[in-house]
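Notes for the structure review
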Amino acid sequence: MIMRFLSVLCLLCSASCFAAALDREAFTVAKYDLQIRLEPQQQRLGARGKITLRNDSGQPQKVVALQISSSLNWRAIRVDGKAVQFVSQPYTSDIDHTGAVSEAIVTLPVEIKPKDSVELEIGYEGVIPLDTTRLTRVGVPQEIAKHSSWDQISPSFTAVRGAGYVAWYPITTESADFSEGNSLFEVTDRWKKREQDASMKLSLNTDAGADDRTLLLLCNGNNSMDTREGNMHDRYVRCGYERLGLATPIFAMANYQDQSKPPLYLFSFPGHEAGAATYFNALEPAAKFVSEWFGQPSAPVTIADFADPNSAPFESGTLLMASMAAEDSKLAGINLVHELVHSALPSPRPWVYEGLAHFAEAMYRQQQGGRQAALDFLGLHRAAFLDSEKEVSAAPQKNAAEKSVGLALATTFDETYYRSKAAYVWWMLRDMVGDDALKQAIRNYRAANDDDKDPKYMEQLIEAAAKRDLGWFFDDWVYHDRGLPDFRVQSVHPWQTDKDVQIITVTLENLGSAGAEVPFTIICAGGEVTKRIEVRAKSTATTRVELPGTPSEIVINDGSVPEIDLTNTVFKISAP
Ligand SMILES: [Zn+2]
């Protein structure tokens, strides 16, 4: 009895000691070189190749945990041509659509010192069917879940996104949990940040449709189209990323109709011809608009259709997956603008790369429907980061400082920040410095040749073009996360000059910790007057405005500055 108890204790101890010693995020995958074979009839994927692991921890490491989707199985792991010991186990994690990964706990032949690397030859295979487990188990109805969790290999439609959706290549992460606040996004963002400098080389092929001339296999990344003999309808494709950056590697395969007219590659399903045509109709005006602001689009843009028209769109790099079932020319124009900005303006900085693309969408809305249409469009972005910013504003000072670094726009990999918040930041910059100065700064921006090394590079370009100090703005919005401003009218003083000119002195207060230049409109008997005023964080600013008549109301902020509280933006001026 005692022996049994002891042996159980011993087992427990060794298991927990083992678990404690295992640092799942010690190793970063610095390099992938994978050959992937797809067998859509069986929904199967088989992979082999090499990965290079780098020890990014401060300790020597002898054990590494490699994870792939739980519907895939490890077949072989070798170092220096010799098979190494590994234990394969399921590990619950929402980083994969199945809600779990197959983890190989590998004992390396020798300890790897900090900063040193080791190359592994690996082999794994299995199936990737549609799977909504990670969503349905937190209560999302299956019908809804399948529209966002659409990754699958199947005979009629194949599209599989990488880390954060399906671990179809090995990753090294701690367990991520959907139900625990933001844990899933924290783990995914951390993984992307660790992997931003990793390189990836893929070659994909399929056994399907040897005599089927419409089957098309594609992926994002550079040189993604294999144009052997000028023929893209091939069952073989190569993709490369010198540097993963923000990209989520994705591959897709279907019996697409090739509607491509380079530099726009467009692949749609039969029956969606009209929807595809809206993209071509939208191309010329979108390209004209983008080149005026961001320069000539250089890389090809690829748009691929969904089999299920309700699938949520997805983009990574210059590949967009979006349904062409409907004819929506507005949406087509905006989608094209976004992808063309990526094509014209590469940047290693997420808030520049994605932020400018979303900002361009808003400007395009303005061109088509006026400023209010653009602000309404931006308003949809506000909800995405508002809760997080409320937390920052409410947090005690110390936590706020820590968090403010983690979610600083300049370095964050949080999607809601580098997309939605960044779109606003670019919009505010444009309102502050004007179109000409901002265009000039963007035109002078060079991502290549290591020009963009200094985090202040973009600030300097805009300041040089605008001849204005913007250090305070970048400090509050880009280099730190200081929450959002909160404006209110502190006091007003209407008066008349000797010559009966109506004047009002207005003092605005910013209760938030981020400063901004905000527009305010004074409604009067004879019309309205709009002015802009810079109100720094936790400060007030006063200005005098000449009016056409007796003032009745002040409305602060037309929606162009994201504010924490929008209930105090209207101020009634009582009659004297
Ligand atoms: Zn984008």
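Residues numbered from 1 in each chain as written. Predicted model: local features only at pLDDT ≥ 70, side-chain atom pairs only at ≥ 80, totals over all residues. Heavy atoms only, no water.

**So, the pairing of strand β15 (residues 264–268)**
- Judged by how many residues are buried, β15 sits mostly within the fold: five of five residues are covered.
- Of the two faces of β15, both are covered, the one formed by Leu264, Leu266 and Ser268 as well as the one formed by Tyr265 and Phe267.
- Here strand β14 (residues 257–258) pairs with β15 via two bridges, running antiparallel. By the bridge assignment, Gln257 is partnered in β15 with Ser268.
- Turn length for the β14-β15 hairpin, with the two strands adjacent in sequence and antiparallel, is five residues.
- Sheet topology places β15 next to strand β16 (residues 301–304); four bridges connect them, and they run parallel. Residue Leu264 lies in a different strand from β16, and its bridge partner there is Val301. (Buried < 20%, exposed > 50% of the residue type's maximum accessible area, 1.4 Å probe, protein only. Helix = DSSP H or I, 4+ residues; strand = E, 2+ residues; numbered from the N terminus. Pairing = 2+ DSSP bridges.)

**Regarding the packing of aromatic side chains**
- One pass over the structure, following the stated rule, counts 25 aromatic pairs.
- Arranged with centres 5.3 Å apart and planes meeting at 80°, the rings of Tyr32 and Tyr169 form a pair that is edge-to-face. One end of the pair, Tyr32, is in strand β1 (residues 27–39); the other, Tyr169, is in the loop between β9 (157–161) and α4 (183–195), with 137 residues separating them in the sequence. The same class applies to Tyr32 and to Tyr169, which are both buried.
- Arranged with centres 6.0 Å apart and planes meeting at 90°, the rings of Trp293 and Phe359 form a pair that is edge-to-face. Of this pair, Trp293 sits in helix α5 (residues 273–294) while Phe359 is found in helix α7 (residues 350–369), placing the two residues 66 residues apart along the sequence. The residues Trp293 and Phe359 share a single accessibility class, namely buried.
- Clustering of aromatic rings is evident, with ring pairs tying together Trp150, Phe157, Tyr165, Tyr256, Phe267, Phe269, Phe306 and Phe314. (Phe/Tyr/Trp six-rings, centres within 6.5 Å; stacked < 30°, edge-to-face > 60°.)

**Considerations on the coordination of the zinc ion**
- Protein-derived coordination of the zinc ion comes from Glu315 (OE), Glu315 (OE), His338 (NE2), His342 (NE2), Glu354 (OE) and Glu354 (OE), at a distance range of 2.0 to 2.4 Å.
- Here the zinc ion binds six donor atoms, and the angle range of 57 to 160° at the metal identifies the geometry as irregular.
- The buried category is assigned to His338, whose relative accessible area is 3%. (Donors = N, O, S within 2.8 Å, 3.2 Å for Na, K, Ca; no water. Tetrahedral: all angles 85-135°; square planar, octahedral: opposite > 155°, others 65-115°.)

**Quick notes on α4**
- Along its 13 residues, α4 runs 18 Å from first to last C-alpha, staying within 8% of the 18 Å computed at 1.5 Å per residue.
- All of the buried residues in α4 are Ser183, Leu184, Val187, Thr188, Asp189, Trp191, Lys192, Arg194 and Glu195. (Expected span 1.5 Å × (residues − 1).)

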